[in-house]
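A structural walkthrough
This is what each chain is made of:
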Amino acid sequence: MKRPSTGSIADLEPTLTPARPKVAFQGEPGAFSEEAARRFFADPETVAVPSWRALFEAVRDFDVDVAVVAIENSLAGSIRETYDLLAEFELTIEGATSVPIRLALLALPGETLEGIERVYSHAQALAQVDAFLRTRPWQVLTTYNTAGAARMIADGGERHAAAVASLRAADVYGLEVLASDIQAGDGNRTRFAVIARGPLDPLWIRPGSTAVDGAFMTTLMFAVRNVPGSLHRCLGAFADRGVNLSRLESRPSRTTRWEYVFWVDLDAGPSDPRAIAALLDLQREAAMVRVLGSYPRPAEDD
């Protein structure tokens, strides 16, 4: 399978694809990342892997066709490890999906809130239910994944312990729900990127997984030259043409001390003449530009 170039917003090539995609997700069955795969793809063959890096390696090494990787949470912000891996691996973002995060407290059948002593989950999930956890003197312990916490309790038959995980994890591992919707705030969602070696087969994608208005977004990274006004001119390439930047943040370059790479989401697609012209200007000004992908904006329905 030929790997596409990522040097242009409009640089896409057709690829041969199987009838049913093999999709990697991080964690255990019942994880929100598995839900992301099922929300985006019509009939995925899901494959659990232990870490974000393992997702990228699985796609790179042709062990799977694609992977879903968490990229941003509406409450906690960007998943920085994901951006570092996107910069490291020569893969593209070919889609995105937005998953509502509803967290519950799960335990073995027969357990009660009063009997719980320990609560396990991923650090980010624990942060999102901190207000609920503070209501009781529980010992809070981190694990690598929300569904992994549920599986650990179920497999080990651990009494007086609970996991913060999805409602689906309760069904998967035979646990009872002691409390539901314990996350803070309304509208808690995580956006997942679909990473691949090239364009997806449209037949893979579940109808309704993208925004009804047909809007596109583009993710790219760039580095500025170390001269006065370089960042201003880079961003001006988009401002001068009325191209909205829905996200802009910086990350250490990881190659040169005290230098940074800027990550941008554009509200524009691969055929938008304004975005194409802005990118040409950006390439003339910036020290480096890499387009990670242009893809339909995900649907936000619950």
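Residues numbered from 1 in each chain as written. Predicted model: local features only at pLDDT ≥ 70, side-chain atom pairs only at ≥ 80, totals over all residues. Heavy atoms only, no water.

**Looking at the packing of aromatic side chains**
Here is the rule we go by: For Phe, Tyr and Trp, where Trp contributes only its six-membered ring, two rings pair if their centres lie within 6.5 Å, and the inter-plane angle classes them as stacked under 30 degrees, edge-to-face over 60, or tilted in between. Residue burial is assigned from relative accessible area. The probe radius is 1.4 Å, only protein chains are included, and a residue is buried under 20% of its type maximum, exposed over 50%, and partly exposed in between. Ring-over charges, as used throughout, are those where CZ of Arg or NZ of Lys falls within 6 Å of the ring centre and within 35 degrees of the ring normal.
In total, this model carries five aromatic pairs according to the counting rule given. Ring centres of Phe40 and Phe41 lie 4.9 Å apart, and the angle between their planes is 75°; on these two criteria the pair is classed as edge-to-face. Accessibility assignment for this pair places Phe40 and Phe41 in one class, buried. On the basis of an interplanar angle of 45° and a centroid distance of 5.8 Å, the ring pair of Phe132 and Trp138 is categorised as tilted. The same class applies to Phe132 and to Trp138, which are both buried. The aromatic ring of Phe62 is capped on one face by Arg197, whose charged end is 3.9 Å from the ring centroid.

**Some thoughts on the environment of Ser230**
Under the convention used in this document: Here a strand is any run of E in DSSP of at least two residues, a helix any run of H or I of at least four, and the numbering for each starts at the N terminus. In what follows, a contact means two residues having at least one pair of non-hydrogen atoms within 4.5 Å.
With respect to the secondary-structure elements, Ser230 resides in helix H8 (residues 230-239). Once the C-alpha coordinates of Ser230 and Glu285 are considered, the two residues, 55 residues apart in sequence, prove to be 7.0 Å apart. When sequence neighbours within four positions are dropped, the list of residues in contact with Ser230 reads Val224, Arg225 and Glu285.

**Re the nonpolar core**
Where we set the bar: By nonpolar core is meant a set of buried Ala, Val, Leu, Ile, Met, Phe, Trp, Tyr and Cys residues that side-chain atoms within 4.5 Å join together.
Counting 77 residues, the largest nonpolar core has Phe41, Phe56, Leu86, Leu105, Val164 and Ile195 as the members making the most contacts within it. In contact with Val164, other than residues within four places in its own chain, are Leu103, Ala104, Leu105, Val119, Tyr120, Ser121, Ala125, Leu126, Val129, Thr146 and Ile182. Leu220, Leu266, Ala286 and Val291 belong to the second-largest nonpolar core, a separate cluster that totals 17 residues.

**Section: the pattern of salt bridges**
Which entries qualify depends on this criterion: A side-chain nitrogen of Lys or Arg and a carboxyl oxygen of Asp or Glu constitute a salt bridge if their distance falls within 4 Å.
Per the stated rule, a full pass over the model turns up 23 salt bridges. The shortest N-O distance in the salt bridge between Arg118 and Glu158 comes to 2.9 Å. Residue Arg118 is found in strand E7 (residues 118-122), and its partner Glu158 is found in the loop between helix H6 (146-156) and strand E9 (161-165); the two are separated by 40 residues along the sequence. Three or more residues joined by partner-sharing salt bridges are found here, namely Glu72, Arg191, Arg247, Glu249 and Asp265.

**What to know about the packing of H8 against helix H9 (residues 273-285)**
Counted only if it meets this: All axes are obtained by fitting lines to C-alpha atoms, using only the stretch in contact for helices, and the reported angles, taken between N-to-C directions, cover 0 to 180 degrees. Comment on the angle field: the value is read as roughly parallel under 35 degrees, roughly antiparallel over 145, roughly perpendicular from 65 to 115, and oblique elsewhere. Helix crossings get a hand from a simple test, with the near helix turned counterclockwise from the far one by less than a right angle marking a left-handed crossing and a clockwise turn marking a right-handed one. Three categories are distinguished: nonpolar for Ala, Val, Leu, Ile, Met, Phe, Trp, Tyr, Cys and Pro, charged for Asp, Glu, Lys and Arg, and polar for the others, with Gly belonging to the last.
For the pair H8 and H9, interaxial distance at closest approach is 7 Å and the crossing angle is 165°. By the angle between their axes, H8 is roughly antiparallel relative to H9. Handedness of the crossing formed by H8 with H9: right-handed. For the pair H8 and H9, contact is made by Ser230, Arg233, Cys234, Ala237 and Phe238 and by Ala278, Leu279, Asp281, Leu282 and Glu285, respectively. Residues that form the contact of H8 with H9 fall into these classes: six nonpolar, one polar and three charged.

**Quick notes on the confidence of the model for the protein**
Heads up, the condition is: Within a predicted model, pLDDT stands for the predictor's per-residue confidence, ranging from 0 to 100.
For the protein, per-residue confidence averages 90 on the pLDDT scale, and residues scoring 70 or more make up 93% of the total. Low pLDDT, under 50, characterises residues 1-15; the predicted model gives this stretch 33 contacts beyond four residues in sequence or across chains.

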